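Each chain, letter by letter, is given below.
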Amino acid sequence: MNVEIIAVDKLRESYIREGCRLYEKRLRPLMPVSVHEVRPSTARDGVDKEGVGILRQVRDDDIVWALDARGRSLSSTDLARKISETGRSGRRRLALTIGGVHGLSQAVIKRANFVWSLSELTILHEMARLIVFEQLYRAVKINRGEPYHM
């Protein structure tokens, strides 16, 4: 299964870019992963415009997960199990969607097969991407029965 992270905006903070690169490098041999960045909008209806940009990257047969604070939180082992189940679904691609400063549009959340909350805390959208990479890596290691600790 391929994983596509579809995120609003580019990573501006160098330490977050470095962290994402590190986990992407670790993850690639274990799980094909790529990132598509959607241009942020400063318009009043910006979240809706960003949603259109995100949904343009989503294929009809994708399994879509939306990251939203109102979603369901998972332990790392629950995430590993859910990723394993998703991989066995027969679908070729899992699209993880991360909104911008104002979150995700309702259209993206409505399209999602699963709404995932990283925390009840408000998390900078750039940090959310780093956490997603780290948790994907952790989940793959759990599913492979390999130790994960750093």
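Owing to the predicted nature of the structure, the values given are computational and were not obtained by experimental measurement.

Undergrad: Help me understand the side chain of Thr 97, please; the structure alone is not making it clear to me.
TA: When you line up the elements, Thr 97 lands in strand 4 (residues 93-98). With near-sequence residues (within four places) excluded, Thr 97 lies in contact with Ile 6, Ile 54, Val 64, Trp 65, Ala 66, Leu 67, Leu 104 and Val 108.

Undergrad: Help me understand the sheet that holds strand 2 (residues 33-38), please; the structure alone is not making it clear to me.
TA: By definition, the strands of a sheet pair up through backbone hydrogen bonds, in either a parallel or an antiparallel sense. Overall, parallel pairing links the five strands, which are arranged 2-1-4-3-5 in an open sheet. Every interior strand has two partners, whereas the edge strands, strand 2 and strand 5 (114-117), have only one. With direction set aside, neighbouring strand axes in the sheet form an average angle of 30°. Its contacts with the sheet place helix 3 (residues 76-87) against strand 3 (63-73), strand 4 and strand 5, and it is angled at close to 155° to strand 3.

Undergrad: Any chance you could explain the packing of helix 3 against helix 5 (residues 125-143) here in plain terms?
TA: A pair of packed helices is captured by two measures, namely the crossing angle of their axes and the spacing between those axes. Contact geometry for helix 3 and helix 5: axes closest at 8 Å, N-to-C directions at 75°. Taken as axis vectors, helix 3 and helix 5 run roughly perpendicular relative to one another. For the pair helix 3 and helix 5, contact is made by Ser 76, Thr 77, Leu 79, Ala 80, Arg 81, Ile 83 and Ser 84 and by Gln 135, Leu 136, Arg 138, Ala 139, Ile 142 and Asn 143, respectively. The class makeup of the residues in the contact of helix 3 with helix 5 is six nonpolar, five polar and two charged.

Undergrad: What's the story with the side chain of Ser 105 in this structure? I'm lost.
TA: Topologically, Ser 105 is positioned in the loop between strand 4 and helix 4 (106-111). The class of Ser 105 is buried, set by a relative accessible area of 2%.

Undergrad: It is not clear to me how helix 1 (residues 14-27) should be interpreted in this structure. Could you clarify?
TA: Residues three or four positions apart in an α-helix share a direction because the helix packs 3.6 residues into each turn. Taking 1.5 Å of rise per residue, 14 residues should cover 20 Å, and helix 1 covers 20 Å from first to last C-alpha, within 8% of that figure. Of all the residues in helix 1, the buried ones are Ile 16, Gly 19, Cys 20, Tyr 23, Glu 24 and Leu 27. Relative to the axis of helix 1, the buried residues are bounded by an arc of 130° and lie together on one face. Turned more than 90 degrees away from the buried face of helix 1, the exposed residues are Arg 21 and Lys 25. Tucked inside the fold, the buried residues of helix 1 contact strand 2 and helix 5.

Undergrad: Looking at this structure, how should I read the nonpolar core?
TA: The nonpolar side chains of soluble globular proteins are, as a tendency, buried together. The biggest cluster of nonpolar side chains holds 31 residues, and the ones touching the most others in it are Ile 5 and Trp 65. Listing elements by their share of this core, those giving two or more residues are strand 1 (2-8), helix 1, strand 3, helix 3, strand 4, strand 5 and helix 5. Looking at this core, the element that brings in the most residues is helix 5, giving eight residues. If we ignore the near neighbours within four places in the chain, the residues touching Ile 5 are Val 33, Ser 34, Val 35, His 36, Leu 96, Ile 98, Arg 129, Val 132, Phe 133 and Leu 136.

Undergrad: Can you walk me through the pairing of strand 4 in this structure?
TA: Remember that side chains alternate between the two faces of the sheet whenever the strand is regular. Counting buried positions over the six residues of strand 4 gives six, a clear majority of the element. Taking every second residue as pointing to the same face, both faces of strand 4 are buried, with Arg 93, Ala 95 and Thr 97 on one and Leu 94, Leu 96 and Ile 98 on the other. Pairing analysis gives six bridges linking strand 1 to strand 4, with the strands arranged parallel. By the bridge assignment for strand 4, Ala 7 is matched with Ile 98. Both strand 3 and strand 4 contribute to a ladder of four bridges, which runs parallel. Residue Ile 63 lies in a different strand from strand 4, and its bridge partner there is Leu 94. Taking the sense of rotation as the criterion, the β-α-β connection linking strand 3, helix 3 and strand 4 turns out right-handed.

What counts, and at which threshold
Residues numbered from 1 in each chain as written. Predicted model: local features only at pLDDT ≥ 70, side-chain atom pairs only at ≥ 80, totals over all residues. Heavy atoms only, no water. Helix = DSSP H or I, 4+ residues; strand = E, 2+ residues; numbered from the N terminus. Contact = heavy atoms within 4.5 Å. Pairing = 2+ DSSP bridges. Axes fitted to C-alpha atoms, helices over the stretch in contact; angles between N-to-C directions. Parallel < 35°, antiparallel > 145°, perpendicular 65-115°, else oblique. Nonpolar A, V, L, I, M, F, W, Y, C, P; charged D, E, K, R; others polar. Buried < 20%, exposed > 50% of the residue type's maximum accessible area, 1.4 Å probe, protein only. Expected span 1.5 Å × (residues − 1). Arc of directions from axis to C-beta. Core = buried A, V, L, I, M, F, W, Y, C linked by side-chain atoms within 4.5 Å. Right-handed = clockwise from strand over helix to strand, strands pointing away.

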